[in-house]
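Inside the fold
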Amino acid sequence: MLDKPASALRLRERLLDSERLMEETGCYDGITELTLRNQDPLKFETLHTKLRAYCVSAREMARRISASPGVREVGEMVVAIYTPEGDAIALSNGIMVHVHTMSRFIKWMIKNNYEENPKIREGDIFANNDAFIGTVQVPDVMDVVPIFHEGTLVGWAGAVCHELEAGGITPGGDVCLAQERFTEGLFVCAEKIGENDEIRRDYVIRCERNLRMPIYWVLDEKAKVASCIDMRESVQQLISEIGLDYWMKVSKEFIEEGRRAQLARTRQLTVPGIYRGHTFYGHVTAGKPGFQLLGDPDWLYNIPIEMEITTDGKITMDFEGTQPWGYHSMNCTPAGMDGGMFVTLTQHMNFEGLVNDGAWMATELKLPHGTWTNPDNEMVATATSWALLLPAYGVFQRLLSRGFVARGFVEEAFVGQVNSPMIEMGGESQYGTPFGMAHFECAAAGSGALAIADGLDTAYVGWNPESDMGNIEVWEQSMPMVYIGRSIVPNSGGAGKYRGGCSFVSTWLINKTSHLRLHTSEHSSRVFDNGGMCGGYPAPTCQKHRAVRNSNIHELAAKGEPLAHAPGIDPDVSDYEKNIGGDHVVVEGPYITAPHKSGDIFSHFYNGGGGYGDVLERDPIKTAWDVENGFLTRQAADQVFGIILKDDAEGYPVADIDATVKRRAEIRKQRLAKAIPVSDWIAGERGRVEKADFAPEVKKMYTSAIKLSSRFTKELSDFWNVDAKSIFMPGAKP
Amino acid sequence: MTSYSKEVLADLAAGQLPWPQTKRIMSAYKDDDRFFKMVAVHQDRVAWKDPILLPVSDHLFICQSGDERITRCECGHSFGDYRKNWKLKAAIIVRNTEEALREIYPNSDIPDPQWMEIREFICPQCGTMHEVEAAAPGYPIVHDFEPDLEGFYREWLGKPL
């Protein structure tokens, strides 16, 4: 047993030895030959498939134990099997981002001498949701159990569920108001929460007394433990069939094979070289209740990414030039950044089911210390890391896609995942009880376009490849609001030859409550954060919230008057304002305000994806279909795409091809007349840069990036032929 | 080994292949002869004779033009040495007012032009929009892609440039 001091050192030493071997040989655990694979490839592949089946089956079983609609409906769960050192061998479908974050958690316990105290014994259950140990954000709670075979630790089984309520300063899981760690909610820091396969009662009591909706968290714990025990028993049975020696070797070979497969896949699908891109995030909180003035209330972050693919197939992503961490909830730890890389790779390069931690080992992230990607202060909040992670990894997808296009694999090119805001809520439920919840219909935003087709409408998010918005009826059981509308948002995909996938907007009537707190997170403002590619436009910026307090909707309904079920297509005056009486509210950025009550109306938009290719090449017939079905407005078809529509005998839009050809020729002519040489634009714009004639938030962004990065300073200076440091940091030493 | 005809790849690139067939290509093992076949598809599409060495965008190609390797638009316009940022030789339209942004986003909330502008990079000859950047005012133009052309041909394709 590993609770004896003599053996306690062995696992830690084994982990360090494994890392040393990787360093020395370049191969995982020093495995330079895939001996078992070469001896019997069929047996090798069969075993890996079995392990994957164990994971998928355990997850499906566990989802039935959960009470959370996030896990049951939307599938916010993943499970995986690990080596004793904590490297993922096989994983289920689901929120795969956490396969590698759990790996970090296991390694953290090993490196912190958990074998000695609190000891690692058969039947133990360990949990964690501390992002600096290994997760993305507080609601991502992970459980791992050790797998023993005749007294020897032979692996780990692990499971993660995203909790809908984390007990933070605001209800829900993605606590947008958290500005430091201490307001994010209930932390479980690599803690032994159970023994002998049983969760400790005192741990459950802590959860029950510190969460607004403990039933979700506690039943998810049981679901996770059940899945871990299920995987453990399957692995133990497998070892009794194939022998311990074979298991210990084959599990490592799987990972080395995964590493080699990733390198080979990169060499097969891409082109070596340097790829660059950027995105931005705007945060607007000035004057909003609850935010402490710990930093600037409004700020702009730049997220530049340089990706290098070397001829050996290694991918390196470098975030140099980005912004410092801040007193907000959007910071990310290296574990979260790893997770973002892992979930992107699993979807875009390793979709054959052989993916494991080997894929991650074939990549490298350069995360500048002190930035939001790698804070030098462990007190920072990471409750809504996804706000910056998602647009960043959307850029990664575009960079990879540039390689796919260059290599000829156009069917793999994808404009990328999107950042999309989500809703958190709490207060008094429709049953008169306290409650708290994150609404996970956000797991079905629009995707970026492909290089050969439009993006997916209301069907994709990067963080959950099984994207699903869940059923309205199930959500209505869980919150004191009823849907009065859930509609496609026209033009919400970025325009292009292939448009981005459209998003949707939900409208609710607050119902049977006198106190409903509604908050939104991941709500970028004032910028485009979901870009386009190859001439496609970015998706629209996050839309403002439209709400009606003290509405007269019940009176209108009693009279049989028409209601508004969506905000409509006039950005200046919503359909609510046109059709419903009451106190109308339009809020930019995160929605943080006084509680709502029955009779109020609230609407929330999700985001669409960026477009691909020149708008003037979009298919007019497809566009007519889009207009007929509410994905595009007629105005956009004409004004943006240059497509002239007329009505058929039944009033449906049809493309007027001749008129379209003429209109597009005009637009092309207008473009050429309006465009100026880039060199002229640079010469004209240089004066503005020299004067730093920018909004305060833009100036601050440059100053912060210059402070952190000499490379960014040089690039900015070289591009404009100025001394950027003296412009943005007057008085600073050159 | 998986392989597709040039005609199938031409339809795939043009977005004309029926979805079930496209889906099968997505799900199948990748075809190792794809690169040169797809280059041949592009070569058939362009009116000029310079051999294409690498596609870099929807209508931009690095090609061998005499002794030089240049970035060329599908229409034939040259953006110069492929190692330099082609955008610097393009024409540009910048949308940095509410009115200009509203033209592209007629029915949505729009960003604050003080925080963000849209830069459209256009071929000065044919007017094709090759790339759109959404950036803060003052942000340097991005050099999207610097391929390691020599390494790619020598080490991955096993062919001389």
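What counts and what doesn't
Residues numbered from 1 in each chain as written. Chains lettered and ligands numbered in written order. Predicted model: local features only at pLDDT ≥ 70, side-chain atom pairs only at ≥ 80, totals over all residues. Helix = DSSP H or I, 4+ residues; strand = E, 2+ residues; numbered from the N terminus. Buried ≥ 20, exposed ≤ 12 C-beta atoms within 10 Å, placed from the backbone. Domains from an automatic or database assignment. Contact = placed C-beta atoms within 7 Å. Nonpolar A, V, L, I, M, F, W, Y, C, P; charged D, E, K, R; others polar. Pairing = 2+ DSSP bridges.

1. A word on the overall build of chain B
Counting its secondary structure elements, chain B contains five helices and eight strands. Each helix and strand of chain B, placed in order from N terminus to C terminus, yields the pattern α-α-α-β-β-β-β-β-α-β-β-β-α. Each principal axis of the C-alpha atoms in chain B carries an extent, and together these give about 55 × 45 × 30 Å. The buried share of chain B, reckoned over its 161 residues, is 42%.

2. Looking at the domain arrangement of chain A
Residue and element names in this part refer to chain A. Domain boundaries assigned for chain A yield domain 1 (5–20 + 54–257), domain 2 (269–414), domain 3 (416–613), domain 4 (615–674) and domain 5 (678–728). Across the contact, ten residues belong to domain 3 and ten residues belong to domain 4. Looking at side-chain class alone, the side of domain 3 that touches domain 4 contains five nonpolar, three polar and two charged residues.

3. Section: the sheet that holds strand β2 (residues 88–91) of chain A
Residues and elements named next belong to chain A. The antiparallel open sheet is built from seven strands, whose spatial order is β2-β1-β5-β4-β3-β6-β7. The sheet is open, and its two edges are formed by β2 and β7 (198–199), each paired on a single side. The pairing of strand β1 (residues 77–82) with β2 spans three bridges and is classified as antiparallel. Across the sheet, the residue bridging to isoleucine 81 is alanine 90, located in β2.

4. Digging into the interface of chain B and chain A
Counting residues at the interface gives 59 residues for chain B, matched by 73 residues for chain A. Per-element accounting of the side of chain B that touches chain A gives the leading share, six residues, to strand β7 (residues 129–135) of chain B. Considering only residue class, the side of chain B that touches chain A consists of 35 nonpolar, twelve polar and twelve charged. Two elements, strand β22 (residues 676–677) of chain A and strand β5 (residues 91–95) of chain B, share two bridges in a ladder whose sense is antiparallel. When the bridges of β5 of chain B are listed, isoleucine 676 of chain A appears paired with isoleucine 92 of chain B.

5. What about the sheet that holds β5 of chain B?
Taken together, four strands build an open sheet; the order of strands is β22(A)-β5(B)-β6(B)-β7(B) and the sheet is antiparallel. Where the open sheet ends on each side, the last strands, each with one partner, are β22 of chain A together with β7 of chain B.

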